[in-house]
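Notes for the structure review
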Amino acid sequence: SSGINAEYGNERWGKSQRKVISHMPFLVNKTILRNLQSEFPAEFEHTSAARFRSSEDMQFAFSYYYYLIHSLRRETVTERVSGTDLNGDGLLSPGELSLLPA
């Protein structure tokens, strides 16, 4: 259930309000999935070993989504625009701004 998954999240990243993820397709990065499984090996093993679903199962989408939110390092603005100031004047001209990803 989302309750047990929220407990895992609270233990790992601190208590916060978490929402249930909608049932929908989403892309999965295999490296990130392996990292998630290595952080919660017992929980994934318990879920994989069970013949039937239970309220104690690790919910994949919920866990993956919140792992992404809490574990990945975010870029600073400086890191994001580094290499874009082509003339080195410390300012981004209109031409340089057009090089930034959307």
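Residues numbered from 1 in each chain as written. Predicted model: local features only at pLDDT ≥ 70, side-chain atom pairs only at ≥ 80, totals over all residues. Heavy atoms only, no water.

1. Let's talk about the overall build of the chain
A count of helical and extended segments in the chain gives 6 helices and 0 strands. Going from the N terminus to the C terminus, the chain shows its helices and strands as α-α-α-α-α-α. Each of the 102 residues in the chain was classed as buried or not, and the buried ones make up 21%. If you take every contact in the chain between residues at least 6 apart in sequence, the share linking residues at least 24 apart comes to 62%. (Helix = DSSP H or I, 4+ residues; strand = E, 2+ residues; numbered from the N terminus. Buried < 20%, exposed > 50% of the residue type's maximum accessible area, 1.4 Å probe, protein only. Contact = heavy atoms within 4.5 Å.)

2. Topic: the nonpolar core
The biggest cluster of nonpolar side chains holds 7 residues, and these are Ile-32, Leu-36, Phe-40, Phe-44, Met-58, Tyr-64 and Tyr-67. Within the residue set of this core, elements represented by two or more residues are α2 (30-39) and α4 (60-71). (Core = buried A, V, L, I, M, F, W, Y, C linked by side-chain atoms within 4.5 Å.)

3. Thoughts on α2
Buried within α2 are the following residues: Ile-32, Leu-33 and Leu-36. Along the axis of α2, the buried residues cluster in a sector spanning 100 degrees; they form a single face. Those residues of α2 that are exposed and aimed more than 90 degrees away from the buried face are Lys-30, Arg-34 and Ser-38. Measuring from the backbone nitrogen of Thr-31 back to the side-chain oxygen at the start of α2 gives 2.9 Å, which picks out Asn-29 as the cap. (Arc of directions from axis to C-beta. Polar contact = N/O pair within 3.5 Å; in protein donor to acceptor, adjacent residues only side chain to side chain.)

4. Considerations on the packing of α2 against α4
Relative orientation of the contacting elements α2 and α4 amounts to 100 degrees, with a least axis distance of 10 Å. What the angle tells us is that α2 and α4 run roughly perpendicular. Each of Ile-32, Leu-33, Asn-35, Leu-36 and Glu-39 in α2 lies in contact with α4, whose residues at this interface are Phe-60, Ser-63, Tyr-64, Tyr-67 and Leu-68. Its residues assigned to classes, the contact of α2 with α4 shows 7 nonpolar, 2 polar and 1 charged. (Axes fitted to C-alpha atoms, helices over the stretch in contact; angles between N-to-C directions. Parallel < 35°, antiparallel > 145°, perpendicular 65-115°, else oblique. Nonpolar A, V, L, I, M, F, W, Y, C, P; charged D, E, K, R; others polar.)

5. A look at the environment of Leu-92
On the secondary structure map, Leu-92 appears in the loop between α5 (77-81) and α6 (94-97). Between the C-alpha atoms of Leu-92 and Val-81, which are 11 residues apart in sequence, the distance is 8.9 Å. Residues in contact with Leu-92, not counting those within four places in the same chain, are Val-81, Thr-84, Asp-85, Leu-97 and Leu-100.

6. Some thoughts on the confidence of the model for the chain
When pLDDT is averaged along the chain, the result is 77, and 77% of the positions lie at 70 or above. Averaged pLDDT values for the elements of the chain fall to 58 in helix α1 (residues 2-13) and rise to 89 in α2. (pLDDT = per-residue confidence, 0-100.)

7. What to know about a nonpolar patch on the surface
A cluster of nonpolar residues, Met-24, Phe-26, Val-28 and Phe-60, forms a patch on the protein surface that exposes about 340 Å² of accessible area. Take Met-24: it is sitting in the loop between α1 and α2. For Met-24, a relative accessible area of 52% corresponds to the exposed category. (Patch = residues over 30% accessible without salt bridge, like charges linked within 9 Å, V, L, I, M, F, W, Y side chains within 5 Å. Areas by Shrake-Rupley, 256 points an atom, 1.4 Å probe, with all protein chains shown as cover. Salt bridge = Lys/Arg side-chain N within 4 Å of Asp/Glu carboxyl O.)

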